[in-house]
Amino acid sequence: MSGTAFVYGTLMAPEVLQLLIKRVPKSRAATLNGYARYRVKEQVFPAIIPAKSSSKVTGMVLMELSRSELDILDVYESEEYYRAAVEPEVEDGTKVPADVYIWKDEHKHKLDGEWSYDEWRQLHLHRWVERLTPDGAHPSGDLSEFDCTDDSLTAAASGAADM
């Protein structure tokens, strides 16, 4: 069974996806209405929170993700996020069911200002990718124990966020 995920930050970078899940899945440009994207204070990554219905976040929907790949994304996203089901709108106007990582209410005080993917790519992508290597290790967790070659998790989920 495959899944989808709406991504709006560092996971839009093919370089990051390649390191984490060992491939760049098919994707579609999308917009998530009713949410706003912010920069996280003292960090280079963003977060989204529910907002006015007129607010929207641009991003993309990653298609055909395996359960193992979704588990890796759960670990990649820190405990300040939770995974939720949403329906972003893709470029042809169709709404697609997808999971998204939303910033938890108790951490809203850490949000500050707008976040730009283009600026992040230009200023921080190289360093971010260095921090993910080798073996897809994230600064806040070791993802190398996960196997993306099939649809099962091959290692104990020690330290994995259960979102």
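This report concerns the structure included in the present document. Here the structure is a predicted model, which is why all the values come from computation and not from measurement.

Assigned secondary structure in the protein consists of 4 helices and 8 strands. Mapped from its N terminus to its C terminus, the protein presents α and β elements in the order β-α-β-β-β-β-α-β-β-β-α-α. Here the protein holds 163 residues, and the buried ones make up 47% of them. Here the contacts in the protein between residues at least 6 apart in sequence split such that 71% fall between residues at least 24 apart. When the accessible area of the protein is evaluated, it comes to approximately 8,500 Å², of which 48% is carbon and sulfur surface.

Inspection of every chain in the model, using the stated rule, returns 12 salt bridges. The salt bridge partner of Asp74 is Arg83, with a shortest N-O separation of 2.7 Å. Classification of Arg83 by relative accessible area gives buried; the value is 17%. With its nearest N and O atoms 2.8 Å apart, the salt bridge here joins Arg83 to Asp99. Highlighted residues: Arg83 in strand 6 (residues 81–86) and Asp99 in strand 8 (residues 98–103), separated in sequence by 16 residues. Like Arg83, the residue Asp99 is buried in the burial classification. Taken together, the salt bridges that share partners define one network made up of Arg28, Glu91 and Asp92.

This part covers the packing of helix 1 (residues 14–21) against helix 2 (residues 67–76). Orientation of helix 1 relative to helix 2, taken along the N-to-C sense of each, is 110°, at an axis distance of 10 Å. For the element pair helix 1 / helix 2, the angle class is roughly perpendicular. As for the relative orientation of helix 1 and helix 2, their crossing is right-handed in sense. Across the interface between the two elements, Val16, Leu20 and Ile21 from helix 1 touch Glu69, Ile72, Leu73 and Tyr76 from helix 2. Across the contact of helix 1 with helix 2, the residue classes tally to 6 nonpolar, no polar and 1 charged.

Once that is clear, we can look at the side chain of Ser55. With respect to the helices and strands, Ser55 occurs in the loop between strand 4 (46–50) and strand 5 (56–65). With relative accessibility at 17%, the residue Ser55 sits in the buried group. Residues within four places of Ser55 in sequence aside, it is in contact with Leu32, Asn33, Gly34 and Tyr35.

Attention now goes to the nonpolar core. Within the largest apolar cluster, 47 residues are counted, with the highest numbers of intra-cluster contacts made by Phe6, Val16 and Leu20. With 6 residues, strand 5 is the single largest residue contributor to this core. Those residues in contact with Val16 that sit more than four places away from it in its chain are Thr10, Leu11, Tyr76, Trp120, Leu125, Trp128, Val129 and Leu132.

One pass over the structure, following the stated rule, counts 7 aromatic pairs. An aromatic cluster is defined as three or more aromatic residues linked by ring pairs; in this entry it consists of Phe45, Trp115, Tyr117, Trp120 and Trp128.

Here Glu77 lies in the loop between helix 2 and strand 6. For the pair formed by Glu77 and Ile102, sequence separation is 25 residues and the distance between their alpha carbons is 9.7 Å.

Basis of the calculations
Residues numbered from 1 in each chain as written. Predicted model: local features only at pLDDT ≥ 70, side-chain atom pairs only at ≥ 80, totals over all residues. Heavy atoms only, no water. Helix = DSSP H or I, 4+ residues; strand = E, 2+ residues; numbered from the N terminus. Buried < 20%, exposed > 50% of the residue type's maximum accessible area, 1.4 Å probe, protein only. Contact = heavy atoms within 4.5 Å. Areas by Shrake-Rupley, 256 points an atom, 1.4 Å probe, with all protein chains shown as cover. Salt bridge = Lys/Arg side-chain N within 4 Å of Asp/Glu carboxyl O. Axes fitted to C-alpha atoms, helices over the stretch in contact; angles between N-to-C directions. Parallel < 35°, antiparallel > 145°, perpendicular 65-115°, else oblique. Left-handed = near helix turned anticlockwise from the far one by under 90°. Nonpolar A, V, L, I, M, F, W, Y, C, P; charged D, E, K, R; others polar. Core = buried A, V, L, I, M, F, W, Y, C linked by side-chain atoms within 4.5 Å. Phe/Tyr/Trp six-rings, centres within 6.5 Å; stacked < 30°, edge-to-face > 60°.

Everything listed is a geometric property; what it means functionally is a separate question.
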